Amino acid sequence: MAAPLLERFRSGDRNAFRLFVDKYAGLVFNTACRMVRNEADAEDATQEAFAYIARNADKYMGGSERAYVCGVAVRHSLNAIRSRRRRRKLEREFAVEKRSNSYAGEQLSAELKEALEDALSELPHKLRAAVVLHHIEGLTSGEVAQALSIREGTAKSRTSRALERMRKKLAQNGFPAVAALPALMGQLPRFQPSAKLIEVCRAAVSLTPTATVAKIVAGGALMKKAQLAVTVIVVLVLSGIC
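This structure is a prediction, so every number in the text was calculated from the model and none was measured. (Residues numbered from 1 in each chain as written. Predicted model: local features only at pLDDT ≥ 70, side-chain atom pairs only at ≥ 80, totals over all residues. Heavy atoms only, no water.)

> Let's hear about the overall build of the protein: which residues, and what values?
Broken down by element type, the protein carries 12 helices and 2 strands. Scanning the protein from its N terminus toward the C terminus, one meets helices and strands in the order α-α-α-α-β-α-α-α-α-α-β-α-α-α. A total of 242 residues make up the protein; the buried ones form 43% of that total. Split by element, the accessible area of the protein, about 13100 Å² in all, is 55% carbon and sulfur. (Helix = DSSP H or I, 4+ residues; strand = E, 2+ residues; numbered from the N terminus. Buried < 20%, exposed > 50% of the residue type's maximum accessible area, 1.4 Å probe, protein only. Areas by Shrake-Rupley, 256 points an atom, 1.4 Å probe, with all protein chains shown as cover.)

And the structure:
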């Protein structure tokens, strides 16, 4: 089984970061769009997320790489929201730019899609993050928990509460019987990052000083040495030598 791309990058393979961006750019950008409800701010959050990962690859401690990426995406999306509030430009409505490359596919009726978007946008950030990651990005409850640094039971609870709130909002908007809400959310059109945005995110690794990458690699080697030292000590103690 191939090593996760972040582990390869942490080991000094800078090309692995380019592959990492290609693999996760769509996921990060779509998550950011669903969280911040503004495409320009989502682009900023996406760039900042990949720049953070490039500078802090040593913070990835294993587990689901996808969940780790989603966690970074959510945190930088929330930063974008807070920044926008500080600028006093928080938008009341979600205006989608009519660009030919903004969406990939359109399966819902325009009315139901608009109602779903409206219900999703009114969720508190904690509930929105959980339901977006689980029902739109397809993460398991365990991965949602890892991404948001919460317990799995809490992840399930937030997702359930989010769906309940959305059903109530949909009913208020004239859609009283949306039983298959999770399946419908999975049909929402995905936001696709532009080629320019992907290139900018790929460039994050080139903006990361070589010394930083060397530090990451050295840190990984130091951790392995420490683990080996602990193992040796345990063996000696069990053998009665120490």
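Now that the structure is up, let's keep going.
> Tell me what's going on with the nonpolar core, and back it up with residues and numbers.
Ranked by internal contacts, the top residues of the largest apolar core, which has 50 residues, are Phe17, Phe20, Phe50, Ile53, Leu133 and Leu148. Elements with a contribution of two residues or more to this core: α1 (5–10), α2 (15–36), α3 (39–55), α4 (65–86), α6 (125–136), α7 (141–148), α10 (195–202) and α11 (204–207). Among the elements that take part in this core, α2 stands out by supplying 13 residues, more than any other. Leu127, Val131, Met185 and Leu188 belong to the second largest nonpolar core, which has 18 residues in total. (Core = buried A, V, L, I, M, F, W, Y, C linked by side-chain atoms within 4.5 Å.)

> Pulling in residues and values, what's your account of the pattern of salt bridges?
As enumerated under the stated definition, the model contains 11 salt bridges in all. Between Arg202 and Asp22 there is a salt bridge, with its nearest N and O atoms 2.5 Å apart. With Arg202 in helix α10 and Asp22 in helix α2, the pair connects residues that are 180 residues apart, well separated along the chain. With a relative accessible area of 17%, Arg202 lands in the buried category. (Salt bridge = Lys/Arg side-chain N within 4 Å of Asp/Glu carboxyl O.)

> I'd like to hear about unusual backbone geometry, residue by residue, with values.
With phi around 65°, Arg37 is a residue other than glycine that occupies positive phi space. Mapped onto the fold, Arg37 is located in the loop between α2 and α3. Under the relative-accessibility criterion, Arg37 is labelled buried at 8%. With a phi close to 55°, Ser149 is a non-glycine residue in the positive phi region.

> Which residues make up the packing of aromatic side chains, and what are the values?
Counted by the stated rule, this structure contains 5 aromatic pairs. For the ring pair Phe20 and Phe50, a centre distance of 6.0 Å and an interplane angle of 85° mean the geometry is edge-to-face. Of this pair, Phe20 sits in helix α2 while Phe50 sits in helix α3, and the two are 30 residues apart along the sequence. The pair Phe20 / Phe50 is uniform in exposure class, with both members buried. Pairwise contacts between aromatic rings join Phe9, Phe17, Phe20, Tyr24 and Phe50 into one cluster. (Phe/Tyr/Trp six-rings, centres within 6.5 Å; stacked < 30°, edge-to-face > 60°.)

> How would you explain the packing of α2 against α3 if you had to name every residue and give the values?
Relative orientation of the contacting elements α2 and α3 amounts to 140°, with a least axis distance of 9 Å. In terms of orientation, α2 lies oblique with respect to α3. The handedness of the crossing between α2 and α3 comes out as right-handed. Side by side, α2 and α3 meet where Phe17, Phe20, Val21, Tyr24, Ala25, Val28, Phe29, Ala32, Cys33 and Val36 of the first sit next to Glu39, Asp41, Ala42, Glu43, Ala45, Thr46, Ala49, Phe50, Ile53 and Ala54 of the second. For the contact of α2 with α3, the class distribution of residues is 16 nonpolar, 1 polar and 3 charged. (Axes fitted to C-alpha atoms, helices over the stretch in contact; angles between N-to-C directions. Parallel < 35°, antiparallel > 145°, perpendicular 65-115°, else oblique. Left-handed = near helix turned anticlockwise from the far one by under 90°. Contact = heavy atoms within 4.5 Å. Nonpolar A, V, L, I, M, F, W, Y, C, P; charged D, E, K, R; others polar.)

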